[in-house]
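Take a look at the letters that make up each chain.
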Amino acid sequence: MKYSFGLIAIVAAACVLADEETCTFHPVEAVEAPVVAPVVNTTTVPLTPANNTNLFAPVFAPGINRHDIAYVVPQANVSLYYGSNLTTSASVNISHTMKYPTVILEQIASIISVDCSDTSVAMTFNNSVVFSTTQAAWIADGIMVFITNHLGDCDPVLERSFFLSSSLSFDNTTLTATASSMKANVSSTAAATEITFGNIPTADLSKRAFTTTLDPTYSLNTAIALPADTTLYSNSPYLTVTADTASFASNVTFSGYLKYNWLTFSLKDLYFDIDVGFSSTLELTADIAASYNNTFSYSPTSLFYGLTVPGILTLGPELIFAVDTEVYASAKTTLTTEVQVGLADGNVHVDLLDKSNTATSGWVPTYNASANISGIAEARLNPTASLTVEIAISIFGGLIDLSTGLTASPGFTNDFILTAAAGVDLTGYEALTNGTTCENGLAIDSEFVFDLVAFATEWYSTKLYSVDLPILKKCFEFTT
């Protein structure tokens, strides 16, 4: 007679439905599998190449009146805005606390041309009243900073430049102000820098081509699926694990904040807020020809999205979907499992400088699970469908270069003992029909497990959330 059992557990509030099927029995001799080289499928899911780099260029500050004469007055604090080539809703704002009085030339509508050389910046006006006010406001014999925005030959395309002025001259005939100046950088002109980013939606993701550039601050909506009957792992002829179906979908939104002190060359604040929704469906079959015990991991592909502010920062998230599976059997058997997992309203606040401020909320799980075994054996099939969100950040030409993120790992444990007449000690199993043995039937221990881990480069890795919910622990006796 062979014994075959199907368990379907649909859990919303620990609701379980178990079905028993017709069984026949064939004794199977346990044979130790020799050591052979296993094959892990490294084929990635084909993705359509896309130019999806979210490139941010200088834009005017929102809501300002560039004809307001107040903008000719030098400021101690300035904010620079950057807009996306992909969407109008995206925003990157860089604020500087300056060491010296500073003027943002793009905010003065009356300046019609800017000409830069190695030793000077010449600014031409078209309004004599504004020009006269400028002479009174600017410092003729002192240090000032002028920020240019591609009005002439002053800065690279898509970048702003900083010029440190030591003196000024004014030509009332041509309405030209000329600053004796040299090109400078942020570190020599600013005391502190703050960067905020958010509301950056994305459309497509592409296969990651390089290993150093990732980023945050937007919404990622992506779904991928493996081809039907994809072989995930093979150790022929003893074990083959096939994904009958496998699909992953996620919605990830980022925002973040950075503050850097140029006087002490130290990072004062750096954190990200990550909102995640994740769902996955897995149907796995493990054909085991002999006694076997192994764990493997399969990652279908790595997805990334680029966010770049030229000359300032490069950010980017990488999404990594993976199937991790533990397979064990004491003898020849076939194991199958089908799981559907959804995680909603997951939020993680990752503080890279202060681990105690890293926290999480939400992560409401919904899941369905089924597991089957055929063959006389003690066995285990524990699949996990994980999502890793990694954010890398490179600022000011690599002055700051690090990464952070989280890994969400929902999964199921399925431990089976399928027996005939011989008794098997099942101490620790609950709801047994006859004490601590399952002499003629199937014992199953099935649980939903979920771990959430946040990490910050080499600084720390911490488990924020962990849950282990029993689905079923029971012995099902069969009639002989």
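Residues numbered from 1 in each chain as written. Predicted model: local features only at pLDDT ≥ 70, side-chain atom pairs only at ≥ 80, totals over all residues. Heavy atoms only, no water.

(A) The arrangement of the nonpolar core in detail. One finds Ile195, Ile274 and Trp363 to be the most contacted residues of the largest nonpolar core, which totals 95 residues. Apart from the residues within four sequence positions on either side, isoleucine 195 is in contact with Val92, Asn93, Ile94, Gly256, Tyr257, Leu258, Ile312, Leu313 and Ile395. Counting residues in hydrophobic clusters, the runner-up holds 21 residues, among them Val72, Val103, Leu105 and Val130. (Core = buried A, V, L, I, M, F, W, Y, C linked by side-chain atoms within 4.5 Å. Buried < 20%, exposed > 50% of the residue type's maximum accessible area, 1.4 Å probe, protein only. Contact = heavy atoms within 4.5 Å.)

(B) Region of the structure containing the pattern of salt bridges. Counting across every chain of the model gives four salt bridges. Notably, a salt bridge pairs arginine 160 with glutamate 106, separated by 2.7 Å at the nearest N-O pair. Of this pair, arginine 160 sits in the loop between β9 (144-148) and β10 (161-171) while glutamate 106 sits in the loop between β6 (91-104) and β7 (111-116), placing them 54 residues apart in sequence. A relative accessible area of 8% places arginine 160 in the buried class. (Salt bridge = Lys/Arg side-chain N within 4 Å of Asp/Glu carboxyl O. Helix = DSSP H or I, 4+ residues; strand = E, 2+ residues; numbered from the N terminus.)

(C) Representation of the side chain of threonine 148 within the structure. Among the structural elements, threonine 148 can be located in strand β9. Sequence-distant contacts of threonine 148, that is, excluding residues within four places in its chain, are made with Leu105, Val114, Cys154, Asp155, Arg160, Ser161 and Phe163.

(D) Here's a closer look at the state of the cysteines. This model, assessed by the stated rule, comprises one disulfide. Across a sulfur-sulfur distance of 1.8 Å, cysteine 116 and cysteine 154 are joined as a disulfide pair. Handedness here is read from the sign of the S-S torsion; for cysteine 116 and cysteine 154, about 90 degrees, the answer is right-handed. Within this pair, whereas cysteine 116 is found in strand β7, its partner cysteine 154 is found in the loop between β9 and β10, the two being separated by 38 residues in sequence. Of the two residues examined, cysteine 116 and cysteine 154, each falls in the buried class. (Disulfide = S-S within 2.5 Å.)

(E) Inspection of the packing of aromatic side chains at higher detail. Taken as a whole and judged by the stated rule, the model has 16 aromatic pairs. When the ring of tyrosine 367 is compared with that of phenylalanine 448, the centres are 3.8 Å apart and the planes differ by 10 degrees; the resulting orientation is stacked. With tyrosine 367 in strand β24 (residues 364-374) and phenylalanine 448 in strand β27 (residues 441-456), this pair connects stretches of sequence that are 81 residues apart. Phenylalanine 448 matches tyrosine 367 in its accessibility class, with the two residues each being buried. Within the aromatic cluster, the residues linked to one another by ring pairs are Phe125, Phe131, Trp138, Phe146 and Phe170. Positioned above the aromatic ring of phenylalanine 60 is the side chain of arginine 66, whose terminal nitrogen or guanidinium carbon lies 4.3 Å from the ring centre. Here arginine 160 stacks its cationic end above the ring of tyrosine 82, 4.8 Å away from the centre of that ring. (Phe/Tyr/Trp six-rings, centres within 6.5 Å; stacked < 30°, edge-to-face > 60°. Lys NZ or Arg CZ within 6 Å of the ring centre and 35° of its normal.)

(F) Region of the structure containing the pairing of strand β15 (residues 230-235). With five of six residues buried, β15 is to be regarded as a mostly interior element. Sheet topology note: the β15/strand β16 (residues 239-261) ladder contains five bridges and is antiparallel. Along β16, the bridge assignment pairs serine 234 with threonine 240. Between β15 and β16, which follow one another and run antiparallel, lie three residues. (Pairing = 2+ DSSP bridges.)

(G) Seen up close, the side chain of threonine 462. Relative to the assigned elements, threonine 462 resides in strand β28 (residues 460-477). Classification of threonine 462 by relative accessible area gives buried; the value is 15%. Sequence-distant contacts of threonine 462, defined by excluding residues within four places in its chain, comprise Lys355, Leu452, Val453 and Ala454.

(H) Representation of the environment of isoleucine 393. If you trace the backbone, isoleucine 393 turns up in strand β25 (residues 377-395). Measuring from C-alpha to C-alpha, the distance between isoleucine 393 and threonine 308 comes to 10.0 Å, with 85 residues separating the pair along the chain.

(I) Inspection of the confidence of the model for the protein chain at higher detail. Taken as a whole, the protein chain shows an average pLDDT of 76; of its residues, 75% reach a score of 70 or greater. No element of the protein chain has a lower mean pLDDT than strand β1 (residues 4-11), which averages 28, and none a higher one than β9, which averages 96. Low pLDDT, under 50, characterises residues 421-435; the stretch is placed with 32 contacts to residues that sit more than four places away or in other chains. (pLDDT = per-residue confidence, 0-100.)

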